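Secondary and tertiary structure notes
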Amino acid sequence: MSEKRKSIKKIGVFTSGGDAPGMNAAVRAVTRAALANKLEVYGIRRGYQGMIEGDIIRLYSHDVSHIMNLGGTFLQTARSSEFRTEEGRAKAYQHLKEFGIDAVVVIGGDGSFRGALDFTQEYDIPFVGIPGTIDNDMYGTDYTIGFDTALNTVIQAVDKIKDTASSHGRIFFVEVMGREAGQLALNAGIACGAEVIFIPEIHSEEVELEKFLSKGFKNKKYSGIVMVAEGDTAGGAFKIAEKVQIKHPEIEVRVSILGHMQRGGSPSAVDRIAATQMGVAAVEALLDDQKSVMIGLKNDSIVHVPLQKVVKMNRGVDNNMLNLQKVINSV
Ligand code: F6P
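These remarks concern the structure in this document. (Residues numbered from 1 in each chain as written. Predicted model: local features only at pLDDT ≥ 70, side-chain atom pairs only at ≥ 80, totals over all residues. Heavy atoms only, no water.)

1. Focus on the sheet that holds strand β1 (residues 10-15)
With respect to topology, 7 strands assemble into an open sheet ordered β3-β2-β1-β4-β5-β10-β11, the strand pairing being mixed. In this open sheet, the two strands that pair with only one neighbour each are β3 (56-59) and β11 (301-306). Strand-to-strand twist across the sheet, computed as the mean angle between neighbouring axes with direction ignored, equals 30°. Of the pairings in the sheet, the one linking strand β2 (residues 40-44) to β3 comprises 4 bridges and is antiparallel in character. Looking at the pairing, I44 lines up with I56 of β3. (Pairing = 2+ DSSP bridges. Helix = DSSP H or I, 4+ residues; strand = E, 2+ residues; numbered from the N terminus. Axes fitted to C-alpha atoms, helices over the stretch in contact; angles between N-to-C directions.)

Structure below.
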């Protein structure tokens with residue numbers, strides 16, 4: 001162990017923002033990797049809010065046994081508005097000092113990383129981030145923990161919707177989560193064979209939908225799935241469906257908003273493995289004196305991306321995926 005590696009003795013770990021399947025596996029990996037390096041580990045409950053309130057518990061190896069398969073986060077999570085204030089962050093710092101925590105791993109999305117940056121600009125406690133969100137919307141990583149499970153949840157739900165859609169000859173508008181990002185809708189749409197996919201990053205879907213309705217639907221199909229990202233600029237599944245109904249009263253349309261069921265469930269193998277890789281890498285990064293970086297996965301390899309960059313840059317959508325959708329639905 002190098003001199004640098006001796007400087008950290010107690011590490012804190014917490015989950016923040018929207019929960020995502022695989023967060024438990026990440027906490028487990030962080031805990032076990034830290035213990036393996038002879039560090040003490042502290043779980044901060046309810047995200048930044050728990051840090052502000054000193055809701056902090058010591059974690060031992062057995063505390064993270066049998067949690068890998070569970071959805072949600074056993075440390076619980078929160079979106080803390082108090083942490084956005086200087087006073088809130090000062091209280092959080094006092095509690096970290098009280099417990100002697102000298103480095104922290106935050107598992108969450110870009111809002112959580114913004115909080116980490118604000119804090120580390122004011123206080124000298126290093127933070128390393130692990131991307132955990134079903135939205136897969138973060139710059140610098142191909143993958144965020146929770147995305148694969150959520151994607152599979154959406155696919156299972158839409159497969160069922162397709163049964164009833166085809167039985168009745170209806171068009172279903174299925175709205176999925178993702179905030180301002182279209183990753184979940186685009187990938188789910190491709191995996192479910194959706195006829196049209198509305199995502200915030202693209203603005204030509206209404207034209208595509210009209211093409212499908214006026215040609216495709218009448219000629220070759222009797223039912224269809226239109227996947228809509230919740231952040232799409234066309235105004236959401238209900239609004240789009242309403243417009244279609246007015247223009248094509250002969251078509252039967254239905255809307256299904258999948259909602260928070262997308263965030264639950266036992267994590268997939270992909271999420272468990274990614275969470276384990278990133279959890280171990282986060283502890284290694286802190287031991288190597290890194291700070292304010294996110295652990296990401298690029299082409300299946302671990303990368304360290306400055307948090308400043310992660311919160312500033314947009315991930316965008318993959319043009320290859322958009323092209324796939326175009327080709328498949330062009331005939
Ligand atoms: O960021 C994850 C996410 O599930 C988004 O897809 C969604 O817009 C948001 O969180 C919902 O947040 P909440 O659970 O606070 O309503």
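2. Details of the site of the ligand
R79, T133, I134, D135, M177, G178, R179, E230, H260 and R263 make up every residue found near the ligand. Contact between the ligand and R79: an oxygen atom at 2.9 Å from a side-chain N or O atom of the residue. G178 is positioned with one of its backbone polar atoms (N or O) 3.0 Å from an oxygen atom of the ligand. Considered on its own, the ligand offers 400 Å² of accessible surface; in the complex 74% of this is hidden by protein. Per-class residue counts for the shell around the ligand are 2 nonpolar, 3 polar and 5 charged. (Near = heavy atom within 4 Å. Polar contact = N/O pair within 3.5 Å; in protein donor to acceptor, adjacent residues only side chain to side chain. Areas by Shrake-Rupley, 256 points an atom, 1.4 Å probe, with all protein chains shown as cover. Nonpolar A, V, L, I, M, F, W, Y, C, P; charged D, E, K, R; others polar.)

3. Details of the pattern of salt bridges
With the rule as written, the count across this model stands at 14 salt bridges. A salt bridge links D19 to R263, with the shortest nitrogen-to-oxygen separation between them at 2.6 Å. One end of the pair, D19, is in the loop between β1 and α2 (23-36); the other, R263, is in the loop between β9 (253-257) and α10 (269-287), with 244 residues separating them in the sequence. Here the two residues D19 and R263 agree in accessibility, since each one is buried. Residue E210 pairs with K247 through a salt bridge whose shortest N-O separation is 3.7 Å. You can see E210 sitting in helix α8 (residues 205-220) and its partner K247 sitting in helix α9 (residues 237-247), a full 37 residues away along the chain. K247 gets classed as exposed once you look at its relative accessible area, which sits at 56%. Among the charged side chains, a salt-bridge network with shared partners connects R45, R46, E53 and D55. (Salt bridge = Lys/Arg side-chain N within 4 Å of Asp/Glu carboxyl O. Buried < 20%, exposed > 50% of the residue type's maximum accessible area, 1.4 Å probe, protein only.)

4. Describing unusual backbone geometry
Excluding glycine, a negative phi dihedral is what most residues carry, and trans is how most peptide bonds are arranged. Unusually for a residue other than glycine, R46 sits at a positive phi of about 60°. Mapping R46 onto the fold places it in the loop between β2 and α3 (47-53). One non-glycine residue, S292, lies in positive phi territory at about 50°.

5. A word on the sheet that holds strand β8 (residues 224-229)
With parallel pairing, the 4 strands of this open sheet are ordered in space as β7-β8-β6-β9. Each edge of the open sheet is held by one strand with a lone partner, namely β7 (196-198) and β9. For this sheet the average axis-to-axis angle between neighbouring strands, irrespective of direction, equals 20°. Note: strand β6 (residues 171-176) against β8, 6 bridges, orientation parallel. Counted as the bridge partner of F173 is V226 from β8. Contacts from helix α7 (residues 183-192) reach β6, β7 and β8 within the one sheet, and its direction differs from that of β8 by about 165°. (Contact = heavy atoms within 4.5 Å.)

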